[in-house]
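# Architecture at a glance
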Amino acid sequence: MIVGEQKPLEEIMNLLGDARRVLVAGCGTCVTVCFAGGEKEAAILASALRMKSKLEGHPMEVDEVTVQRQCEWEYIDPLADRLKDYDVVLSLACGIGVQAMNERFPDVITLPGLNTTFLGLPEEHGIWEERCQACGDCILGITFGICPIARCSKQLLNGPCGGSQNGVCEVNPDIPCAWQLIWERAMKFGQVERLLEIQPPKNWSRSRDGGPRKIVREDLRLPEEE
Amino acid sequence: MSEQTNGYKSGSNLEKLLRAGHFVVTAEIGPPQSADPEVIRRKARLLKGVVDATNITDNQTAIVRMSSIASAVLAMQEGVEPIVQMTCRDRNRLAMQSDLLGAYALGARNLLCLTGDHQSFGNHPTAKNVHDLDSIQFIRMVRDMRDEGRFQCGDEIKGVRPRFFIGAAENPFGDPFDFRPYRLMKKVAAGVDFIQTQIILDIPRFREFMKRVVDMGLHEKVYILAGIGPLKSAGAARYMRDKVPGMRVRDEYVERMEAAVAGIPKEDKKARKEAWEREGIRIAIEQIQEIREIPGVAGVHIMAIEWEEAVRPIVEGAGLLPRPQV
């Protein structure tokens, strides 16, 4: 899932500037699951903004709404009528939701209330870890199900760097060395020889380096109306 | 191979000495964090005639310094053969190849292909890193430029090819330990000619690593230069033991450095420094003598970081002067 983290209140206040009427828009999918931008967080943030703006002597009117998914037109379209009542929308969705709102409702500014952090999972309650970089050319099939693009600090494809020690990364002892994990998996399955083949330079053009990406599936497109 | 290199891959002094079976000595110069050429010239003069070639580090520990290629040219002007270090951290494959063409055109003949320390260690921790290639892909690219006359994309190099003697690093003390000899094997398969190891302060483990390397026959395919890092003080030894990722330092070295200043009052900083330096040099000499006897070791690489003055007494003390001429 997409994991996000709320921006500091101070930064949000600065972004809101002189806005008097603010709609905090939560999202009911990924950011709800990671406790960053769902219905509950939207309500807490809205009341924090009301209190803070009042204390600072320029009270804002803050309402909140949460839609199931801010990244799909059908879920955000019903907001259209409400938006004219606000100076600004503060979205607690990921960066995709924020952009969807700006794209669909070009007459109102939607600001981000979260930092979209990574694609990952809750390793345990309260701890999320990155697992995927959406590089567009999945190599998990040759790395025993552990991604060195997302999990090796140097994105190495041919084994660990010299900084791997006692199973952890040189960057931070809280980061497990991805290549240690890959090695252990290869050992477990008795397939170490698969790691001895030289992996050629990666085709980064399928990643963000190739420019913004797009998928077109002709089989799924709806026929244009006459 | 070509006429212009007379049967050698690169024709560098380092390559010729290794091919002739000499026990080689290399050292390292760290470029300054300024545009002062005199720093390189001074360090080069300290090493001239003492070592066979000198590494020029590339923004080591991710701190911005004078370019390794520019510094290598300054070293050559002082009569010292450089080994240009290049990391995958700061350049993509276009910049790497472009710099390789330039370095060769300026006279560099030895290259050390490195992954690079993570930028979080250096003075620009908010920088974007590159790692377009890893060190093994890098080695293969340089080899193909030399032997196939092709750029990484497959296009032909029309005209002069960069013919480098290709080096890489290996850390016998990194984990997973069992993977290390295989990783060296991959570097050999990619086309590496020589290896310089991480600083060795755990000889038994290095011996074990070399045993595996020899059992795999890798020492016959690549020249292995053992890393020697003279200790400057007891504090430096403790720091390397406890703080530097990928290092292993046996307690005996820390204890010897601590004992070296026994009886010298803390206030007498000069005497303590001299005692430490004497002991650090003595340990390095003993290590060279011990490591020389380990099968498969073709030479030593002395990393006297910001202490180039130590190289001459170490090489001399180990009985490795004068350096052979080819």
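Residues numbered from 1 in each chain as written. Chains lettered and ligands numbered in written order. Predicted model: local features only at pLDDT ≥ 70, side-chain atom pairs only at ≥ 80, totals over all residues.

Scanning chain B for helices and strands turns up 11 helices and eight strands. Taken over C-alpha atoms, the radius of gyration comes to 19 Å for chain B, in line with the 20 Å a tight globule of 326 residues would show. Referenced to the eigenvectors of the C-alpha coordinate spread, the extents of chain B come out at roughly 65 × 45 × 40 Å. Each of the 326 residues in chain B was classed as buried or not, and the buried ones make up 52%. Expressed as a percentage of contacts within chain B between residues at least 6 apart in sequence, the contacts between residues at least 24 apart total 79%. (Helix = DSSP H or I, 4+ residues; strand = E, 2+ residues; numbered from the N terminus. Rg over C-alpha atoms; globule rule 2.2 N^0.38 Å. Buried ≥ 20, exposed ≤ 12 C-beta atoms within 10 Å, placed from the backbone. Contact = placed C-beta atoms within 7 Å.)

Assigned secondary structure in chain A consists of eight helices and seven strands. In summary, chain A has a C-alpha radius of gyration of 22 Å against a globular reference of 17 Å for 226 residues, an excess of more than 25%. Oriented by its inertia axes, the alpha-carbon framework of chain A measures out at about 65 × 55 × 25 Å. Scored against the burial criterion, the 226 residues of chain A give a buried share of 36%. Contacts in chain A between residues far apart in sequence, at least 24 positions, make up 56% of those at least 6 positions apart.

Below, the discussion takes up the sheet that holds strand β7 (residues 127–132) of chain A. Residues and elements named next belong to chain A. As summarised here, the arrangement of the three strands in space is β1-β6-β7, forming an open sheet in which the pairing is antiparallel. Only two strands of the sheet have a single partner each, and these edge strands are β1 (2–6) and β7. Sheet twist, expressed as the average angle between the axes of neighbouring strands with direction ignored, equals 70°. (Pairing = 2+ DSSP bridges. Axes fitted to C-alpha atoms, helices over the stretch in contact; angles between N-to-C directions.)

Here we take up the environment of Val326(B). Residues and elements named next belong to chain B. Within the fold, Val326 resides in the segment after α11 (311–317). For Val326, a count of 11 C-beta atoms within 10 Å corresponds to the exposed category. Placed 306 residues apart in sequence, Val326 and Ala20 show a C-alpha to C-alpha distance of 8.3 Å. Once residues within four sequence positions are removed from consideration, Val326 is found in contact with Asn13, Lys16, Leu17 and Ala20.

Before going further, it helps to spend a moment on helix α6 (residues 180–190) of chain B. Residues and elements named next belong to chain B. By the criterion of burial, α6 is predominantly enclosed, with eight of the 11 residues buried. In this structure, the buried residues of α6 make contact with α5 (135–148), β5 (165–170), β6 (194–199) and α7 (203–215). Gly191 occupies a position one or two residues after α6 and carries a positive phi of about 120°.

Every contact between the two is made by 24 residues of chain A and, on the other side, 27 residues of chain B. Here the side of chain A that touches chain B is composed, by residue class, of 11 nonpolar, 11 polar and two charged. (Nonpolar A, V, L, I, M, F, W, Y, C, P; charged D, E, K, R; others polar.)

A few words now on the nonpolar core. Judged by nonpolar contacts, the single largest core of 92 residues is most densely connected at Val84(B), Cys113(B), Val142(B) and Val311(B). Residues in contact with Cys113(B), not counting those within four places in the same chain, are Met86(B), Ser135(B), Phe138(B), Ile139(B), Val142(B), Ile166(B), Gly167(B) and Ala168(B). Counting 33 residues, the second largest nonpolar core, distinct from the first, contains Leu45(A), Ala46(A), Met101(A) and Leu114(A). (Core = buried A, V, L, I, M, F, W, Y, C linked by C-beta atoms within 7 Å.)

Right, let's talk about the domain arrangement of chain A for a bit. By the assigned domains, chain A splits into domain 1 (2–117) and domain 2 (135–210). For domain 1 of chain A and domain 2 of chain A, the distance between their C-alpha centroids amounts to 37 Å. (Domains from an automatic or database assignment.)

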